[in-house]
Amino acid sequence: MICRITDSAIDMDELTDSLDSPELGGLCTFVGKVRNHSAGQGVTHLEYHAYPEMAEKKMRQVAEEIEERFGVAHLAMAHRVGTLAIGDIAVGIAAASAHRDAAFKACRYAIDRIKQIVPIWKKEYGEDGVAWVEGCAVDAETAEPQKAQNQRV
Amino acid sequence: MKVRVKCFAWAKEVTGEDEIDLEVPESATVADLRNSLAERFPVFSGRMESIAVSVNQEFAGEGTPVDAGDELALIPPISGGCA
């Protein structure tokens, strides 16, 4: 199981190779890349910041939730930090199971959940200046997301 | 007692520090930590509800005890959408 914050380029082959096993017939991947626009504005590059120790711990929590919900125990996820250029891979996820349905569900859940509870922050550099993208405030009492905000500060 | 608090993203920018020391009462809770934070850095007052506090790498509610030996951090809203 890979749950990793890294300042190096994400190698999707490494993630998928880590899930190579004769009983796993379905392998689903998600690749999140740096986009050249956000909220109608051009983006030149991004900075990702993390609280690495807590982020990896929360990624392991996501993996546990996936095992409980979908019975999928074969996961690999990596999120990059540092300065990223347009087209760079920011996040990579691979989920494998015997059949495709559970692998698709696990992969989808992993990326959605990472964006809710894993302490990673994105700073956008664009034509209109620089902004922290604040998608999701966590309600500390429940450790679950508050309502959607998607503001920039 | 003095506690050390990690600052990330927006919180790091407005404090200018990776970590800050805050003076809190003995037997303090997360709520006391927030009071001390707002006193020292008034910029937090206006958006305290959007800043989560973690204690030993778990999100922590207002009544959670904080101790000088705990790993504490300020967690501004994270980057993903809530969809």
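Anything mentioned here points back to the structure above.
As the structure is a prediction and not an experimental result, all values here were calculated from the model.

A. Focus on the interface of chain B and chain A. The partner chain A presents 37 residues to the 29 residues of chain B that form the contact. Interface of chain B and chain A: buried area, both sides summed, is about 2700 Å²; carbon and sulfur atoms make up 58% of it. One can count 4 salt bridges joining chain B with chain A. A salt bridge links Glu 58 of chain B to Lys 57 of chain A, with the shortest nitrogen-to-oxygen separation between them at 3.3 Å. Taken together, the links from chain B to chain A amount to 10 residue pairs in polar contact (both at pLDDT 80 or more).

B. Seen up close, unusual backbone geometry. All names here are of chain B. A positive phi is found at Ala 9, a non-glycine position, where the angle reads about 55 degrees. Along the chain, Ala 9 falls in helix H1 (residues 9-15). The exposure class of Ala 9 is buried, given its relative accessible area of 6%. Even without being a glycine, Ser 27 presents a positive backbone phi close to 55 degrees.

C. Spotlight on the pairing of strand S7 (residues 89-97) of chain A. Residues and elements named next belong to chain A. Most of S7 sits inside the fold, with 9 of its 9 residues counted as buried. Summarising the sheet, strand S2 (residues 26-33) and S7 pair through 8 bridges and their orientation is antiparallel. For Gly 26, the partnering residue across the bridge sits in S7 and is Ser 97. Direction of pairing for strand S5 (residues 74-80) relative to S7: antiparallel, over a ladder of 6 bridges. From the neighbouring strand, Ala 76 faces S7, where its bridge partner is Ala 94.

Conventions we followed
Residues numbered from 1 in each chain as written. Chains lettered and ligands numbered in written order. Predicted model: local features only at pLDDT ≥ 70, side-chain atom pairs only at ≥ 80, totals over all residues. Heavy atoms only, no water. Contact = heavy atoms within 4.5 Å. Buried area = accessible area lost by both parts, 1.4 Å probe. Salt bridge = Lys/Arg side-chain N within 4 Å of Asp/Glu carboxyl O. Polar contact = N/O pair within 3.5 Å; in protein donor to acceptor, adjacent residues only side chain to side chain. Helix = DSSP H or I, 4+ residues; strand = E, 2+ residues; numbered from the N terminus. Buried < 20%, exposed > 50% of the residue type's maximum accessible area, 1.4 Å probe, protein only. Pairing = 2+ DSSP bridges.

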